[in-house]
Amino acid sequence: MSVNVEGRNNMIKENLDAVNGNIQAAALEAGRKQEEITLIAVSKTKPVSMVEEAYACGCRDFGENRVQELCDKCDVLPKDIRWHLIGHLQRNKVKYVVDKAYLIHSVDSLRLAQEIQKEAEKKQVDVNILIEVNMAAEESKFGVSPDEAENLVREAAKLPNVHIQGLMTIAPVVEKPEDNAVHFANLKQLSVDIKGKNIDNVNMNVLSMGMTGDYEQAVKDGATYVRVGTGIFGER
Ligand SMILES: *Cc1c(COP(=O)(O)O)cnc(C)c1O
């Protein structure tokens, strides 16, 4: 009995240590510094108590895919947590999240960016966003196509309270993480191309890519944020 309780109590810490170690090793292999990469602990569907455990281990970046859940957790957890909205955002939910999310990873239309502008202006806040790109052209996924990305960046860049920090992708579920290397490398290249256009009010310093199955590959290909849920908190 006590063995099980012990195991459960240490699970998150052990997982975090392992994931951080893997990130460090992948960074080293790629000749990158570990500080260039931030681990987002994806806590969706998991209880507040588990977020608190990860927080006690030093985690300050957490990812949620639903607005309601992000707001509920944000209200009761320490204020120095950076909440990342990583799931699809509906325009009618924007008003709840503009002043709570540290970074919105999932902007994939001008209409959504305009709604963020409208609510940001009302609340007098600045909102950092990423443009979500559907690199593998999967029917089931949100995100603009790589071809449309620059145009959306140019249009959204005109919104004064909205600040584009980079690009995000959700890669396909694959058997071998290397199978996603092409999508990660292409997202990196896309961000380099857009950066080269020197568009006002646009940064291309952030690349949000890689999940439990492929975050080490993503680090090798230039990720600055990796989003890991299952690998930290266990199966959902
Ligand atoms: C759920 C989710 C993750 C984390 O997925 P895991 O495979 O559990 O690591 C990462 N990114 C997004 C957008 C998600 O919705």
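Details of the structure are given in the entry above.
Residues numbered from 1 in each chain as written. Predicted model: local features only at pLDDT ≥ 70, side-chain atom pairs only at ≥ 80, totals over all residues. Heavy atoms only, no water.

J.: Whenever I open this one, the overall build of the chain confuses me. Can you help?
T.: Summing up its helical and strand segments, the chain has 9 helices and 8 strands in all. The C-alpha radius of gyration computed for the chain amounts to 18 Å, which stays within 12% of the reference 18 Å derived for 236 residues, consistent with globular compactness. For the chain, the proportion of its 236 residues judged to be buried stands at 48%. Of the contacts made within the chain by residues no fewer than 6 positions apart, 59% connect residues no fewer than 24 positions apart. Of the side-chain charges in the chain, 29 are positive and 36 negative, and the distance between the mean point of each set is 4 Å. (Helix = DSSP H or I, 4+ residues; strand = E, 2+ residues; numbered from the N terminus. Rg over C-alpha atoms; globule rule 2.2 N^0.38 Å. Buried < 20%, exposed > 50% of the residue type's maximum accessible area, 1.4 Å probe, protein only. Contact = heavy atoms within 4.5 Å. Lys, Arg positive; Asp, Glu negative; His and termini not counted. Charge placed at Lys NZ, Arg CZ, Asp CG, Glu CD.)

J.: Would you take a moment to explain the site of the ligand for this structure?
T.: Taken together, V42, K44, I86, I170, M211, T212, R227, V228, G229, T230 and R236 make up all the residues around the ligand. The side chain of T212 places a nitrogen or oxygen atom 2.4 Å from an oxygen atom of the ligand. With respect to the ligand, the side chain of R227 contributes an N or O atom lying 2.9 Å from a nitrogen atom. Starting from 390 Å² of accessible surface for the ligand in isolation, the protein chains cover 90%. (Near = heavy atom within 4 Å. Polar contact = N/O pair within 3.5 Å; in protein donor to acceptor, adjacent residues only side chain to side chain. Areas by Shrake-Rupley, 256 points an atom, 1.4 Å probe, with all protein chains shown as cover.)

J.: Looking at this structure, how should I read the pairing of strand β7 (residues 202-208)?
T.: Among the 7 residues of β7, 5 are classified as buried, and the element is accordingly described as predominantly covered. Across 4 bridges, strand β6 (residues 162-168) lies against β7 in parallel orientation. Paired with L167 across the bridge in β7 is L207. With helix α7 (residues 181-195) bridging β6 and its parallel neighbour β7, the resulting β-α-β unit is right-handed. (Pairing = 2+ DSSP bridges. Right-handed = clockwise from strand over helix to strand, strands pointing away.)

J.: Mind showing me how you'd approach helix α3 (residues 67-76) here?
T.: Helical periodicity: at 3.6 residues per turn, an α-helix aligns residues three or four positions apart in one direction. All of the buried residues in α3 are V67, E69, L70, C71, K73 and C74. Tucked inside the fold, the buried residues of α3 contact α2 (48-56), β2 (61-64), β3 (82-85) and α4 (94-97).

J.: Where do I start with the environment of K73 in this structure?
T.: Locating K73 in the fold gives a position in helix α3. Judged by its relative accessible area of 4%, K73 falls in the buried class. Through-space distance from the C-alpha of K73 to that of E121 is 24 Å; in sequence the pair is 48 residues apart. Apart from residues no more than four positions distant in its own chain, K73 is found in contact with S43, K44, T45, K46, V48, V51, E64 and W83. A polar contact of 2.8 Å, which involves the side chain of K73, links it to the side chain of E64.

Remember that the coordinates give geometry; whether it matters functionally is a separate question.
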